[in-house]
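# Structural description and commentary
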Amino acid sequence: MTEFFAAIEATTLAEYLRRSRWVYPLINASHILGIALLVGTIVAMNLRLIGITRLSSPDDAIILLRPVAIAGLLIALITGALLFIVQATEYAANRWFQVKLLLIISAIAHAMWHIRLPPERLRLAATVSLIIWPAALICGRMIAYS
Amino acid sequence: MHLIKYAVLSLLLAVVALPALAHHGWRWTDSGDFELTGVIADARLGNPHGIVTITANGETWTAEVGQPWRNERAGLTDAMFATGTELTILGERSADPAQLVVKAEAIIIAGETYLLYPERM
């Protein structure tokens, strides 16, 4: 496994990203943008589903916010993969990173599990989602401080 | 209902209140002048941080050097950070004396001074 991560790190793309002046920070910024779109819309959508906010119908909230959340997730996943390959061995061994990945996988699985349910059956799921995604965000930020 | 409201609010506050730990910039350093001379044990250059491990007086230090563009501008190449090279780091050390970490403002190798942060010198 370590060899696999070392091989990823040795790719031309990873080497290019390690050396780039602007591309790496821009990918970094795009990763934050993806997270902002994802977590921002998740919070707004879930507050509506739980019933804390009341503006618009729950269905409208989902129609409006879910596509943005999915777009944010895709941006975060793609840019996250690019950031990962730059220091793959280090990140893979990092406890915060490992917990973050587990949280993201759980959150995606949890979302897919509930995606077809009507809003009135989503209150508990919305509360769970409101905890897992920000928790993943916190673990992500902590990678830099461990 | 109120319980959920407070739970959500406290979660959001917890995110905001996370302590701003040292990492980027100079806020985590002691803003003094620090000089460290030793031998390179390991170098990991490139984004997001250039990290050089230095053995000095039996201690193992971590020196943060520049990103690739900053090292290049100073006239430094990756090859100059070869293991076993003696060098002097001029910079600021961590404000926490227990941490053997220094952020380089300039690097001296073989009598030649390379300025990473000319505006700070």
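About the criteria used
Residues numbered from 1 in each chain as written. Chains lettered and ligands numbered in written order. Predicted model: local features only at pLDDT ≥ 70, side-chain atom pairs only at ≥ 80, totals over all residues. Helix = DSSP H or I, 4+ residues; strand = E, 2+ residues; numbered from the N terminus. Contact = placed C-beta atoms within 7 Å. UniProt positions renumbered as here; feature names shortened; annotations may be inferred. Expected span 1.5 Å × (residues − 1). Buried ≥ 20, exposed ≤ 12 C-beta atoms within 10 Å, placed from the backbone. Arc of directions from axis to C-beta. Axes fitted to C-alpha atoms, helices over the stretch in contact; angles between N-to-C directions. Parallel < 35°, antiparallel > 145°, perpendicular 65-115°, else oblique. Nonpolar A, V, L, I, M, F, W, Y, C, P; charged D, E, K, R; others polar. pLDDT = per-residue confidence, 0-100. Core = buried A, V, L, I, M, F, W, Y, C linked by C-beta atoms within 7 Å.

Our next topic: the overall build of chain B. Each helix and strand in chain B was counted, giving 2 helices and 6 strands. The order of α-helices and β-strands along chain B, N terminus first, is α-β-β-β-α-β-β-β. Counting only contacts in chain B whose residues sit at least 6 apart along the sequence, the fraction spanning at least 24 positions is 49%.

Residues and elements named next belong to chain A. Here, UniProt's "transmembrane region" (unreviewed entry) annotation points to residues 29-51, 63-85, 97-115 and 122-144. Taken end to end, residues 97-115 comprises 95% helix and 0% strand; its first and last C-alpha atoms sit 26 Å apart. Taken as a whole, residues 122-144 contains 87% helix and 0% strand, while its terminal C-alpha atoms sit 34 Å from one another.

This part takes up helix H6 (residues 95-114) of chain A. Residues and elements named next belong to chain A. Taking 1.5 Å of rise per residue, the 20 residues of H6 would be expected to cover 28 Å, and the 29 Å separating its terminal C-alpha atoms lies within 8% of that figure. By the burial criterion, the buried members of H6 are Lys100, Leu103, Ile104 and Ala107. Down the axis of H6, the buried set is contained in an arc of 100 degrees. They therefore lie on one face. Seen from the open side of H6, the exposed residues pointing more than 90 degrees away from its buried face are Arg95, Ile105, Ala109, Met112 and Trp113. Those residues of H6 hidden inside the fold are in contact with helix H7 (123-142).

Right, let's get into the packing of helix H2 (residues 12-19) of chain A against helix H4 (residues 58-86) of chain A. Helices that pack against each other are described as a pair by the angle of their axes relative to one another and the distance between those axes. All names here are of chain A. Where H2 contacts H4, the two axes come as close as 8 Å, and the packing angle between them is 85 degrees. On the basis of the axis angle, H2 is roughly perpendicular to H4. Contacts between H2 and H4 pair Leu13, Ala14, Leu17 and Arg18 from the former with Leu82, Ile85 and Val86 from the latter. Across the contact of H2 with H4, the residue classes tally to 6 nonpolar, no polar and 1 charged.

What follows concerns the environment of glutamate 72 of chain B. Residue placement: glutamate 72 of chain B occurs in helix H2 (residues 68-74). The partly exposed category is assigned to glutamate 72 of chain B, around which 14 C-beta atoms lie within 10 Å.

Residue and element names in this part refer to chain B. For chain B, per-residue confidence averages 87 on the pLDDT scale, and residues scoring 70 or more make up 81% of the total. Looking at the elements of chain B, mean pLDDT is at its lowest for helix H1 (residues 2-16), recorded as 65, and at its highest for strand S6 (residues 112-115), recorded as 97. This complex was scored by the predictor with a pTM of 0.83 and an ipTM of 0.72.

Bringing the nonpolar core into the picture now. Within the largest apolar cluster, 23 residues are counted, with the highest numbers of intra-cluster contacts made by Leu38, Val39, Ile42, Met45, Ala69 and Ala136 of chain A. Residue assignment for this core shows that the elements contributing at least two residues are helix H3 (23-50), H4, H6 and H7 of chain A. If one sorts the elements of this core by residue count, H3 of chain A sits on top with 9 residues. Those residues in contact with alanine 136 of chain A that lie beyond four places of it in its chain are Lys100, Leu103, Ile104 and Ala107 of chain A. With 13 residues, the next largest nonpolar core counts Ile54, Val65, Leu87 and Leu116 of chain B among its residues.

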